[in-house]
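Survey of secondary and tertiary structure
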Amino acid sequence: MAHHPGREPLDVAAARLLTENPNGTFSIRIPCEGNRIVTVSEKGNARIIAMAAAAHLRLLELEDKE
């Protein structure tokens, strides 16, 4: 996946938002919603939510630069 030099790839940003819990669930921190935590049971769903949260955060950062 191509990314801007100096900016971490989106999948790395998403991984920072995703935590695997001891009970087998996954928690995702949603920074754009006051660091709300969403917990899901499937890793695939967790990755999708984390990627969406990271992408949303990236878009907000780009808007702030304009």
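Structure's up top.
To keep things clear, this report deals only with the structure shown in the data block.

1. Let's talk about the pairing of strand 3 (residues 36-40)
- In the sheet, strand 2 (residues 26-30) pairs with strand 3 via five bridges, with the strands oriented antiparallel. Residue pairing in the sheet places Ile28 in a bridge with Val38 of strand 3.
- Taking the residues that link successive antiparallel strands as the turn, the strand 2-strand 3 hairpin has five residues, and the phi of Gly34 there is positive, at about 65°.

2. Some remarks on the sheet that holds strand 2
- Strand order across the open sheet formed by three strands is 1-2-3, with antiparallel pairing between neighbours. On the outer flanks of this sheet lie strand 1 (18-20) and strand 3, each paired with one strand and no other. In this sheet, neighbouring strand axes are inclined to one another by 25° on average, regardless of whether the strands run parallel or antiparallel.
- By the bridge criterion, three bridges tie strand 1 to strand 2 in an arrangement that is antiparallel. Bridge pairing in strand 2 links Leu18 to Ile28.
- Sheet contacts for helix 1 (residues 10-17): strand 1 and strand 2; angle to strand 1, the most-contacted strand, approximately 50°.

3. Details of unusual backbone geometry
- You will see that Asn35, though not glycine, has its phi angle at about 65°, which is positive.
- Following the sequence through the fold, Asn35 ends up in the loop between strand 2 and strand 3.
- Residue classification places Asn35 among the partly exposed residues on the basis of a relative accessible area of 41%.

4. Description of helix 1
- Buried within helix 1 we find Leu10, Ala13, Ala14 and Leu17. Seen from one end, helix 1 has its buried residues packed into an arc of 100°, which puts them on one side.
- Looking at the buried residues of helix 1, the elements they touch are strand 1, strand 2 and helix 2 (43-65).

5. Looking at the side chain of Arg58
- As for its placement among the helices and strands, Arg58 is situated in helix 2.
- One buried charge, Arg58, has no salt-bridge partner; the nearest side chain with opposite charge is Glu61, at 4.3 Å.
- Within the structure, Arg58 has its side chain in polar contact with the backbone oxygen of Glu8 (distance 2.9 Å).

Rules behind the numbers
- Residues numbered from 1 in each chain as written.
- Predicted model: local features only at pLDDT ≥ 70, side-chain atom pairs only at ≥ 80, totals over all residues.
- Heavy atoms only, no water.
- Pairing = 2+ DSSP bridges.
- Helix = DSSP H or I, 4+ residues; strand = E, 2+ residues; numbered from the N terminus.
- Axes fitted to C-alpha atoms, helices over the stretch in contact; angles between N-to-C directions.
- Contact = heavy atoms within 4.5 Å.
- Buried < 20%, exposed > 50% of the residue type's maximum accessible area, 1.4 Å probe, protein only.
- Arc of directions from axis to C-beta.
- Lys, Arg positive; Asp, Glu negative; His and termini not counted.
- Salt bridge = Lys/Arg side-chain N within 4 Å of Asp/Glu carboxyl O.
- Polar contact = N/O pair within 3.5 Å; in protein donor to acceptor, adjacent residues only side chain to side chain.

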